[in-house]
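The chain contents come next:
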Amino acid sequence: MPRNLSANCRRIIIAVSTIATFLVFVPIPEFNSNSKLEVTPEIIPEFNSNSKLEVTPEISYSRNLVSANYTKYVDRSSYIKNLCSTNHPVNHVTSPQDIINMSPELDVFWCPLFKVGSTQWVKLFCGAADLSQPEHINPGMHEPLLQKQLPCNIHVLRAHNGHCKEQACVGSQTSFMVVRDPVARFLSAFRSKWELANEKTGFYWNERGGRQAVAAFRHINTLLYNKNPHDLMEEANTVIKNNRLNLHMIVENTRRNKSYILTPEDHNLIHNQSNPYLNPPGPTLRELVKWVLSGGRDNHITPFYKYCAPCTLDYVILKLDKFPDEAFDLLDMIGHPALKPEMMVQSETRQVPWKTEECMIRYYRTLPVEDFKKMYETMWRVDCELYQYPCLEFYDKVIEMGPSDEDFVRC
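So, here's what we can say about the structure. (Residues numbered from 1 in each chain as written. Predicted model: local features only at pLDDT ≥ 70, side-chain atom pairs only at ≥ 80, totals over all residues. Heavy atoms only, no water.)

### Quick word on the overall build of the protein
Stage number 1. A count of helices and strands for the protein gives 16 helices and five strands.
Stage number 2. Residue burial in the protein is summarised as follows: out of 411 residues, 46% are buried.
Stage number 3. By sequence separation, contacts in the protein at least 24 residues apart represent 78% of the contacts at least 6 residues apart.
Stage number 4. Roughly 22,200 Å² of accessible area belongs to the protein as shown, and the carbon and sulfur atoms make up 53% of that amount. (Helix = DSSP H or I, 4+ residues; strand = E, 2+ residues; numbered from the N terminus. Buried < 20%, exposed > 50% of the residue type's maximum accessible area, 1.4 Å probe, protein only. Contact = heavy atoms within 4.5 Å. Areas by Shrake-Rupley, 256 points an atom, 1.4 Å probe, with all protein chains shown as cover.)

Structure, rendered in structure tokens:
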């Protein structure tokens with residue numbers, strides 16, 4: 001055998017022997033063709049069922065923000081992080097107030113703020129046309145709220161249940177929250193829950209400040225009536241209770257049809273000259289603001305930063321006034337662009353001729369300047385700064401228009 005061929009053979013034999021030795025000592029994982037590929041789950045922070053929802057700020061949240069179209073979301077997040085690094089009031093909130101929504105299948109969780117279209121997202125992710133309403137907890141009870149299971153695999157996680165022990169509440173999911181102009185959001189809550197006592201269940205009239213605001217801040221001349229304030233209020237309460245649907249329909253009709261003309265019965269119901277507590281029924285914006293400034297609270301008006309703790313969770317921030325475009329961006333981020341047509345349908349369904357934002361100046365002209373300033377400092381300022389809404393510039397426009405004494409703003 002030629003010498004060079006013999007040398008080559010020796011090299012091949014040595015190489016084969018080396019590979020065989022390596023395979024003997026390096027175990028090869030067994031593959032089960034009947035099972036899914038197993039991956040090591042990310043470590044999840046422990047959840048204490050007796051405390052607020054705990055999250056770990058060091059967790060890296062995955063985002064698909066490589067597109068230039070998503071730069072604004074990075075900028076919003078960076079702006080908030082900068083404020084969080086200072087002694088800004090937002091830094092004092094270290095965990096979400098009580099509730100987080102999550103979808104294991106969609107790999108997403110979000111802070112479901114009130115009056116920013118949160119129900120719309122649940123409907124979208126559930127593929128549901130309607131959702132059953134949660135039962136109100138008796139205000140006299142101090143039992144914790146229970147987890148509410150929605151009609152699909154979206155979990156409503158509350159502070160007092162241990163669901164997070166089994167499911168990943170935070171981790172690799174995309175997290176998002178939707179915000180809007182805080183001043184517009186407050187007005188939207190007033191219009192849907194308190195104005196003309198139009199909320200159909202009567203809950204916001206009886207239990208969430210409506211009746212209290214009218215009784216405390218509607219000044220009446222008792223000499224003009226043959227009844228004392230207590231009897232007048234009881235009469236007003238009975239009329240409102242018996243006309244909840246009528247009051248709701250008056251509000252719906254006047255907002256959905258700009259040419260709608262009030263019937264004589266409608267007019268008498270909301271301008272009852274014989275009872276000052278029914279002229280109008282329910283609190284005016286001015287009266288509700290007084291109630292809030294005296295300590296009244298409700299989740300529909302709780303500041304965003306107190307509800308979602310943006311210094312703790314790294315949210316993709318969407319702005320309601322930029323919908324549906326920013327909603328579409330979010331659906332691209334989480335890998336579900338096929339939901340865009342349904343999001344468009346839902347957005348169009350929500351449209352009404354009288355939008356809250358178009359009516360703001362008319363409503364806020366009814367507020368004393370000092371009350372607006374106090375609301376700004378106590379309820380709106382932090383959110384206005386965090387999410388960069390020009391709240392004070394808006395009120396400069398209101399002042400230019402001058403005051404108004406409208407009790408029922410048809411808008």
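Picking up where we left off.
### Section: helix α3 (residues 118–126)
Stage number 1. Most of α3 sits out of view: seven of its nine residues are buried.
Stage number 2. Glycine 127 occupies a position one or two residues after α3 and carries a positive phi of about 65°.

### Some remarks on the state of the cysteines
Simply put, disulfide is the name for a covalent bond between the sulfur atoms of two cysteines.
Stage number 1. The final tally for this structure, using the stated rule, is four disulfides.
Stage number 2. Here cysteine 359 pairs with cysteine 411 through a disulfide, and the sulfurs are 1.9 Å apart. Negative torsions about the S-S bond denote left-handed disulfides, and the value of about -85° found for cysteine 359 with cysteine 411 makes this one left-handed. You can see cysteine 359 sitting in helix α14 (residues 356–364) and its partner cysteine 411 sitting in the segment after α16 (391–401), a full 52 residues away along the chain. Of the two residues, cysteine 359 and cysteine 411, both sit in the buried class.
Stage number 3. One disulfide bridge connects cysteine 384 with cysteine 391, the sulfur atoms lying 1.9 Å from each other. Measuring the twist about the S-S bond at about -90°, one finds the cysteine 384-cysteine 391 disulfide to be left-handed.
Stage number 4. For cysteine 384, a relative accessible area of 4% puts it in the buried group. (Disulfide = S-S within 2.5 Å.)

### Considering unusual backbone geometry
Stage number 1. Following asparagine 279, the chain continues into proline 280 via a peptide bond in cis, with omega recorded as 0°.
Stage number 2. Looking at the element boundaries, proline 280 is found in the loop between α9 (264–270) and α10 (285–293).
Stage number 3. With an omega of 5°, the peptide bond between phenylalanine 323 and proline 324 qualifies as cis.
Stage number 4. Secondary-structure assignment places proline 324 in the loop between β5 (316–319) and α12 (325–333).
Stage number 5. Even without glycine at this site, leucine 196 takes up a positive phi of about 55°.
Stage number 6. Tracing the chain through its elements places leucine 196 in the loop between α4 (182–194) and α5 (203–206).

### Side note on the pairing of β5
Stage number 1. Here β5 shows a buried face lined by Val316 and Leu318 and a second buried face lined by Ile317 and Lys319.
Stage number 2. Here strand β4 (residues 174–179) pairs with β5 via four bridges, running parallel. Its bridge partner being in β5, valine 179 is matched across the sheet by lysine 319. (Pairing = 2+ DSSP bridges.)

### Considering the pattern of salt bridges
Stage number 1. As enumerated under the stated definition, the model contains 16 salt bridges in all.
Stage number 2. Taking the shortest distance from any N to any O, the salt bridge between arginine 180 and glutamate 357 comes out at 2.8 Å. Of this pair, arginine 180 sits in the loop between β4 and α4 while glutamate 357 is found in helix α14, placing the two residues 177 residues apart along the sequence.
Stage number 3. A residue is classified by how much of its surface remains accessible, and arginine 180, at 8% relative accessible area, is buried.
Stage number 4. The salt bridge involving arginine 256 is made with glutamate 252; its shortest N-O contact spans 3.0 Å. Of this pair, arginine 256 and glutamate 252 both sit in helix α8 (residues 244–256), four residues apart, roughly one helical turn.
Stage number 5. Accessibility expressed as a relative area gives 46% for arginine 256, which makes it partly exposed. (Salt bridge = Lys/Arg side-chain N within 4 Å of Asp/Glu carboxyl O.)

### So, the packing of aromatic side chains
Two numbers describe a pair of aromatic rings. These are the distance of the centres and the angle of the planes.
Stage number 1. Considering all chains together, one arrives at 18 aromatic pairs under this definition.
Stage number 2. When the ring of tryptophan 110 is compared with that of phenylalanine 125, the centres are 5.2 Å apart and the planes differ by 70°; the resulting orientation is edge-to-face. Of this pair, tryptophan 110 sits in strand β2 (residues 108–111) while phenylalanine 125 sits in helix α3, and the two are 15 residues apart along the sequence. For the residue pair tryptophan 110 and phenylalanine 125, the accessibility class agrees, reading buried in each case.
Stage number 3. Aromatic ring contacts, followed pair by pair, group Phe186, Tyr364, Phe372, Trp380, Phe394 and Tyr395 into a single cluster.
Stage number 4. A cation over a ring is seen here: lysine 319 above tyrosine 389, with NZ or CZ 4.6 Å from the ring centre. (Phe/Tyr/Trp six-rings, centres within 6.5 Å; stacked < 30°, edge-to-face > 60°. Lys NZ or Arg CZ within 6 Å of the ring centre and 35° of its normal.)

### Concerning the side chain of lysine 319
Stage number 1. Within the element layout of this structure, lysine 319 appears in strand β5.
Stage number 2. For the buried residue lysine 319, which engages in no salt bridge, the nearest side chain bearing the opposite charge is aspartate 321, 6.0 Å off. (Lys, Arg positive; Asp, Glu negative; His and termini not counted.)

The values reported here are purely geometric and, on their own, carry no functional implication.
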